[in-house]
Amino acid sequence: MMATQLSTGLHVDELTAGYVPGMPIISDVSLAMKHGEIVCIIGPNGAGKSTLLKAIAGLLSVDSGTVSLDDRVITGISPDRLSQSGVALVPQLDNIFRTMSVEQNLRLAARRCEEPWRQAVDDMLTLFPVLAERYTSRAGSLSGGQRQFLAIAMALVASPSLLLLDEPSAGLSPKAAQEVLGMLPGIARTRVAILMVEQNVRAALTVSDRAYVLAEGRNQHEGDARALMNDPVLGEIYMGARRVEAHAAKSV
Amino acid sequence: MIGIISYLAFFLTIALILAIAVLGLNLQWGHTGLFNGGIVAFFGAGAYGMVLLGGPDRVDGLGGFSLSYPLALLGGIALSGLLALIVGLATTRLRHDYLAIATFGVAIAMESLMRNATWLTGGATGLRGFERPLEAFVGNAFAYNLLFMFFVLLCVSLVYLFLETLVHSPFGRLLRAVRENERAARSLGKSPAAVRLTAFVIGAMLMGLSGALYATFYAFISPQDLAPILTFQIWAMLIVGGSGNNKGAVVGTLVVWGAWVGSGWLLTAIAPTHLQLYTGSIQYILVGSIIVFSLLWRPRGLLPEKLSTHSYPLPEPGAPNQQTGSAS
Amino acid sequence: MLQSLFDGILVGSILSLGAIGLTLIMHILRFANFSHAELISMGAYFTLTLDAVFTAFSRALASKLPMLSVSISLLLAMLAALLITGIAAAIIDRLVFKRLREQAGPLTMVFASFGIGLIIRNVIGLVYGLKSVHYNNDIAFAIMISSDPLLLVKADQLFILALTLLVMVSLHLFMSRTSVGFALKAISENPVLAQINGINLASMVRLAWLLGGALAAVAGVCYALNNQLSPVMGRDLVLSLFAAAIVGGIGSIYGAALGGLIVGLASSLALLVIPTGYKPAIPFLIILLVLYLRPNGLFGEER
Amino acid sequence: SAQAADCTTKIGAVLPTSVDWGRPIAETAQFAVELYNESGGVKGCDVEMVLRDTQTDPKIGVDAAKALVDLDKVPVLIGAVSSGVSMPILTSVTAPSGVMQMSCCSSSTAFTDVAKEGKTRGLWFRTFATTRNQAAIAAKLIQERGYKSVGIFYKNDDWGQDIGKLVAADLETLGIDVTTSAAINDAQPSYRAEVTSVLKTRPEALYLALYPTEGISLVREWLSLGGTQEFVAANSLKSDEFRDGVGMQYLEKLVGHDSAPPRTDSATTFVDMYKAKFSSEPNGPGLPNSFDAVMISLLAMDAAAELDGATIAASVPRVTDPAGTPIFPDVAGLKQARELLAAGENISYQGATGAVVFDANGDVSAPAVAWTFSETGVEEAAYYPLADVDAFISTLND
Amino acid sequence: MTAPSAVDNTHLEVRHLRKRFADLTAVDDVSLSIERGSITGLIGPNGAGKSTLFETIVGEVRADEGSILFNGKAIQTLSADQVYRAGLARTFQIPQPFPEMTVLDNLLLAAPGQLGETFWAPVIRPLAIRKQEEEHLQRAHEILEFTTLSRVAGLAARNLSGGQQKLLELSRVLMGKPELIMLDEPAAGVNPALTNLLMDRIHALNDQGITFLIIEHNMDLIMRHCQPIIAMANGRVIFTGTAAEAMDCDELLESYLGDMSTVPS
Ligand SMILES: Nc1ncnc2c1ncn2[C@@H]1O[C@H](COP(=O)(O)OP(=O)(O)OP(=O)(O)O)[C@@H](O)[C@H]1O
Ligand SMILES: Nc1ncnc2c1ncn2[C@@H]1O[C@H](COP(=O)(O)OP(=O)(O)OP(=O)(O)O)[C@@H](O)[C@H]1O
Ligand SMILES: [Mg+2]
Ligand SMILES: [Mg+2]
């Protein structure tokens, strides 16, 4: 709609998309970010956060609106071509090939990077040593957290320029979550745009630059990450602050 | 006119007999996810069981029970149920294609037995000698066929009602749950093995009923009736009609069987005599095309499965997006 | 006994060859493709036609390879038929299976493939006639390896055995060592995730069909070489192939090869104790037994 | 030279036209109809034979038969080939509807039983000579050739089981060793195992009761493994397809049996006409029988006062009366037949399988021949009149 | 072997449990006991063997060694469905919905003591079943209301969002009437505000006597709601104690919690 002033980075303009044409899950969602930025999306369950990421990655048919990346409209481009051109998505569910070994998962993901797969895969094994330990195991036998590592490694292995993370810390131990989230600023500094969805809101906001709040499929709020974290109203609605005590007092 | 009615009654009789087997398969596959590749085994058990139990004495083989028709019919059904129980127990651990090939093996073994064990089944010649019940009483062939059609219709209706009641009950929900996610079903205290076995046996007994009625109507059964093509036909009927939907199963039977024989009739009606030699092959091509196009047109069947198993109203269905968010 | 054992292995090797192609498609595209039978027939008949064309082109091509009943032109025809059958398979996918894959369950595809099989089989019957034909009317006599115990082996069959082993090993290496092989597996398990990982679904599906069609064609030619060509040859073969593929475990190439041998051996050895009338049931009963012990086939994984 | 007829009379045929051995049978039936029409048709009307495929599936065949009877109102039905299809047609379509059914090839003894029970209501006929005679001739041929041991391959269907067992029993009576008797199922990917199982019993000769398709497969396999070339074959293998598929050079010692064509100067009528039409010999399972089935039916229609099944069936003896005027199935013969019948005289149809005579059960027995393959086709090697056959059978029974 | 447990108050007891996968011992000589009426937290680094312990306890995976006592009775030979029927329920870490069934049907399936789960009952007792179904329906709606799934009750479970699937997993187990509920990361992917509400419900059920064993990586939740806390690492139990004690356990801090300073408490 307003494709006039495109600039580098990711631009989502009044995007309306869903799984069945004519039954949109997200409506008129807009979002903009530059390379090097970490942006977090928060919102209640079923708000449409994952749907948004999937739509950006080209997995859904878009009813209206556009997504553009680096001055190029990417709506309508097939997910594999997007992936080849530097968009990586870590889905929330079903994010590894269960019947394949860890090695095969990584090598498969590394097909789209230019350098030889061995180097790229080795980098990932250094980053996530647990994957090296279970290198030949069937990915389906990994523990919940180990799967998450693998899924993230599969996205990172291709050195993407846009990284879409759907709840990367879910299922990770506190320590691992910190490590993974802590990795992000470093990655962003290599001019990667990182858009993530998180329910581990506080931890996510600490590493994010900006954040959007999504509810009922629409943009509800947008702002600086730190400011959002300290916003009392949003805190209560989306982060469970304060009300906890009230409820705990009532029911226990 | 009477000719058309007579033919239609005949057509419907066979179609409805097959519909019973399709309904049985729908219970197994459509609702429970059991990939039964050996329908003819149970169909055959019902048919042979009924003829053996109800037929007269045979010179060179087992027989001579001469039970009354209802008993023979029940006996045939019971025999297929028994076979299903044994097969089911042996194959409860198998899924998908593995179950299909195992049951297919049972069917082939059954066909082999029928073809070779002359003392039991008359061998390749088949079994006859069974009198159609009440035929002599009715006398007129046309009237008898009409009567038989109504009898079959009654059977189909009862089976349909029974299955509709089943699948819309908690039992039906249980069947689906086992089909959808066995592990989850187990974690909720359900015993998938028992559920699968029950559905398998009930479905097989319906196939047995179908076989028994088939043999009654033709007053004859032979291994040629148990060729694997029957299994495919029954499956095609279910898939075209819509697996998981009992109405779909019946509609699919009528459509596929209608297309199968109708195409032959149509071709001889329009083809000049010298081409009639080739109408057999063309008929197959037509049948194949009808199946393929029907599936392309309605991939989930003519009457697809419904999502909900019960008829109670939901509080607020509709598009999720128009509802209020959780936390606001 | 020894002869039966050998017969089983040699007959089994044709089944193995066919089952490898079948298991591949069953694994990657996740449905039991009954029209594989007709791909087999198509491969055999394409070869028949091309062989005639090539021989007409140059008589020199009609000379036989040493020991075998295979001529140079037949080999060339077979290579061309592999490609044509593969392309035909890909076209069928484009016309029918693509849409069903996107919109329906696997059983819909199974019965669509059944319908397609009916169509192709009867088109072949109309084009080539219903009677059986041979590539070559000469009979390839068996070589007596030993007379007591009697052991006769046909060179053609050894050729097929070798071919099967070659196909088996190379295909296994391809599927388990190369990233294209992984990509094929990936689209079978989770097409969406595969696409996210940069895999072009359409081209991988095409590749799978090309492979599947080509493998079916090889199997068809080898089978016809030993038996005869008829429009129903694929149909007659395919159930044994399913049995072999499934008993080996769907998706396992070694499994399919072993499954073929088991089916071959079972039907061969069983006749030592059981009347021939029961033969069709034997392999399936053996399979029932194997599956009872190993519910996902010999090398299969739970899906 | 067809006479213009502006009316048509329908008859029905249910035959497996989509099956390799079925299509020629149907083709021959059509040929007979053509001939008949050329000679003037039934009662001056062109005969239209409505042909439906059975797909060898009883349900399909029965439905087709029912449609022909109810929708096309045919008084006569030709078919089916397999007993498994013919029988339900008989019990559930033709007999109840009073339509005459004439099968070329259904061999099952069960039909005789049904007829004996009176359930065919005289409507059932088959031109396939009873297996009993053929089996006896097979045994006789084997004996004449002096084979001491024989292996038997029989098609595992009703006909094959029947003849296989009869031949084995007859050989036993004659003191000839049957080393093994192997049932051959249709559509097997390989017959290697069956071949090996017989090969290792080292019989001097093989008796083959098979159809060409599996016959070729099996015999080629047999020969390639070095098996004997001493073959005795049933009439089903009397086919060019089989000869060419296996190769004449391996079949020089083969002798086969069949029911005999008529012993007259015009004996070759059918063969000649067939050759003129199809430029090949009428060699293949069931071709002469199919021809005769149609001819007899059509002649009976001409002989019948009214065109309903029962009347036509009742007229069959009039056209197969041994005392009647011999009639050959060429255009001239058929014309003559029609005149004789119109004049109230009986005729003796001299068909492709001989002077067919039906007994009360609709069965025929026929004299027999022994045949061998030649470069050009098939040659008759010996002729066994019915009396000889019966005499031989009675020696077996003693 | 099946001697009654020493203390009557022990609801679930695991003794020397061991489970090997090829080269890896996922559960290594684990012994622990869960007190009746407690809300026990089970923590540990990724791959510690927590989920495998669950799978082993409920019989989804067979233990190589050791025994499991529930209410003093050995259950290690029971199958998963028998364990559930004995009163021990669990949720899956990776949600296991019935994908082609509605959310409501997913719940109704889990209702306890259903009359209509045989093939004859629907034919002979339709009215009684209908009545019971209505009761269950009402209960299901209550639970869905609470877990915020009401508006998606009619959707196929396959179409739920990630968090909604976790909520469905929890809702389903709440639909039954188990004595002991084992939850595998119930809060992962669930919005924090809702998590707090869920914990209230769990406390309420706990007050009615239901024992809970909860695997969680959300330390906020563990610290606030669970007592005692058991920690595993490398397949072994390395710690048992209160929340406060856990914060003093160096081994835990190092391997599991990391730098606690970034986690606001
Ligand atoms: N495949 C699908 N088909 C139809 N509707 C879907 C599908 N997937 C999700 N939905 C619906 O879309 C809505 C948004 O889902 P989405 O996965 O985007 O939520 P989310 O914000 O990521 O939630 P969560 O935090 O729980 O992951 C939900 O109501 C869900 O029911
Ligand atoms: N079926 C299996 N086959 C082989 N290894 C397995 C299997 N299941 C689990 N494992 C391994 O056992 C170890 C323990 O896994 P488990 O799932 O119990 O961990 P967890 O404590 O639940 O971790 P998380 O917090 O990440 O979910 C892991 O290293 C895992 O890879
Ligand atoms: Mg989500
Ligand atoms: Mg876990």
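Above this note sits the structure.
Residues numbered from 1 in each chain as written. Chains lettered and ligands numbered in written order. Predicted model: local features only at pLDDT ≥ 70, side-chain atom pairs only at ≥ 80, totals over all residues. Heavy atoms only, no water.

Draft legend 1. A look at the state of the cysteines. Residue and element names in this part refer to chain D. Per the counting criterion, the structure on display carries two disulfides over all chains. Each sulfur of the disulfide joining Cys7 and Cys45 lies 1.8 Å from the other. Its S-S torsion of approximately -100° makes the covalent link between Cys7 and Cys45 left-handed. Separated by 38 residues along the polypeptide, Cys7 in the segment before β1 (8–15) and Cys45 in the loop between α1 (22–38) and β2 (46–53) bring together distant segments of the chain. Each sulfur of the disulfide joining Cys104 and Cys105 lies 2.2 Å from the other. (Disulfide = S-S within 2.5 Å. Helix = DSSP H or I, 4+ residues; strand = E, 2+ residues; numbered from the N terminus.)

Draft legend 2. Main features of the coordination of the magnesium ion (ligand 4). Distances from the magnesium ion (ligand 4) to its protein donors, E:Ser51 (OG) and E:Gln93 (OE1), fall at 1.9 to 2.2 Å. Of the two residues, E:Ser51 sits in helix α1 (residues 50–57) while E:Gln93 sits in the loop between β6 (88–90) and α3 (103–109), which places them 42 residues apart along the sequence. (Donors = N, O, S within 2.8 Å, 3.2 Å for Na, K, Ca; no water.)

Draft legend 3. Structural detail: the coordination of the magnesium ion (ligand 3). All names here are of chain A. Within the protein, Ser50 (OG) and Gln92 (OE1) serve as the donor atoms for the magnesium ion (ligand 3), at 1.9 to 2.1 Å. Taken as a pair, Ser50 in helix α1 (residues 49–56) and Gln92 in the loop between β6 (87–90) and α3 (102–109) lie far apart in primary sequence, 42 residues in all. For Ser50, a relative accessible area of 14% corresponds to the buried category. Gln92 gets classed as buried once you look at its relative accessible area, which sits at 18%. (Buried < 20%, exposed > 50% of the residue type's maximum accessible area, 1.4 Å probe, protein only.)

Draft legend 4. Inspection of the packing of helix α5 (residues 126–146) of chain E against helix α6 (residues 162–175) of chain E at higher detail. Residue and element names in this part refer to chain E. At a closest axis distance of 10 Å, the pairing of α5 and α6 adopts a crossing angle of 140°. One finds that α5 runs oblique with respect to α6. The handedness of the crossing between α5 and α6 comes out as right-handed. Where α5 approaches α6, its residues His136, Arg139, Ala140 and Ile143 are matched on the opposing element by Ser171, Leu174 and Met175. (Axes fitted to C-alpha atoms, helices over the stretch in contact; angles between N-to-C directions. Parallel < 35°, antiparallel > 145°, perpendicular 65-115°, else oblique. Left-handed = near helix turned anticlockwise from the far one by under 90°. Contact = heavy atoms within 4.5 Å.)

Draft legend 5. Layout of the nonpolar core. A:Leu10, A:Leu52, A:Phe128, A:Leu195, B:Trp257, C:Phe111 and C:Trp209 are the most contacted members of the largest nonpolar core, which totals 373 residues. With 16 residues, helix α10 (residues 192–218) of chain B is the largest single contributor of residues to this core. Residue-level mapping places this core at the junction of two domains, with at least three residues from each of domain 1 (10–227) and domain 2 (228–305) of chain B. Discounting residues that sit within four places of it in the chain, A:Leu195 has contacts with A:Leu10, A:Leu31, A:Met33, A:Val39, A:Ile41, A:Leu53, A:Ile56, A:Leu163, A:Leu164 and A:Leu165. (Core = buried A, V, L, I, M, F, W, Y, C linked by side-chain atoms within 4.5 Å. Domains from an automatic or database assignment.)

Draft legend 6. Structural context of the site of ligand 1. If you check the shell around ligand 1, you find 20 residues, and the closest are A:Lys49, A:Ser50, A:Thr51, E:Ser161 and E:Gly163. Residue A:Gly46 places a main-chain N or O atom 2.8 Å away from an oxygen atom belonging to ligand 1. At 2.6 Å, a side-chain N or O of E:Ser161 approaches an oxygen atom of ligand 1. Out of a free accessible area of 630 Å², ligand 1 has 91% covered by protein chains. Class assignment for the residues of the shell around ligand 1 results in six nonpolar, twelve polar and two charged. (Near = heavy atom within 4 Å. Polar contact = N/O pair within 3.5 Å; in protein donor to acceptor, adjacent residues only side chain to side chain. Areas by Shrake-Rupley, 256 points an atom, 1.4 Å probe, with all protein chains shown as cover. Nonpolar A, V, L, I, M, F, W, Y, C, P; charged D, E, K, R; others polar.)

Draft legend 7. Summary view of the arrangement of the chains. Interchain contacts are distributed over seven pairs of chains, and the most extensive set of them lies between chains B and D. Across the gap from chain C to chain E, with no contact made, the nearest C-alpha atoms are 12 Å apart.

Draft legend 8. The site of ligand 2, seen in detail. The full set close to ligand 2 counts 20 residues, and A:Ser143, A:Gly145, E:Lys50, E:Ser51 and E:Thr52 are the nearest of them. Neighbouring residues of ligand 2 are not confined to one chain but are distributed across chains A and E. Residue A:Gln146 places a side-chain N or O atom 2.8 Å away from an oxygen atom belonging to ligand 2. At 2.8 Å, a backbone N or O of E:Gly49 approaches an oxygen atom of ligand 2. For the shell around ligand 2, the secondary-structure elements that each account for two or more residues are α6 (144–156) of chain A together with β2 (24–35) and α1 of chain E. For the shell around ligand 2, the residue count by class is five nonpolar, twelve polar and three charged.

Draft legend 9. Quick peek at the interface of chain B and chain D. Taken residue by residue, the interface counts 43 residues in chain B and 45 residues in chain D. Taken together, the two surfaces of chain B and chain D that pack against each other cover about 3,800 Å², and 54% of this comes from carbon and sulfur. Of all residues in chain B, B:Arg128, B:Gln224 and B:Leu277 give up the largest surface area on contact with chain D, accounting jointly for 19% of the area buried on that side. Between the two partners, chain B and chain D, sit two salt bridges. Here B:Arg128 and D:Glu117 are joined by a salt bridge, their closest N and O atoms 2.7 Å apart. Where chain B meets chain D, there are 21 residue pairs in polar contact (both at pLDDT 80 or more). Secondary-structure elements contributing two or more residues to the side of chain B that touches chain D are α1 (2–31), α4 (96–116), α7 (141–167), α10, α11 (228–241), α12 (246–270) and α13 (276–297) of chain B. At eight residues, the largest contribution of residues to the side of chain B that touches chain D is made by α13(B). Of the residues belonging to the side of chain B that touches chain D, the class tally is 20 nonpolar, 18 polar and five charged. (Buried area = accessible area lost by both parts, 1.4 Å probe. Salt bridge = Lys/Arg side-chain N within 4 Å of Asp/Glu carboxyl O.)

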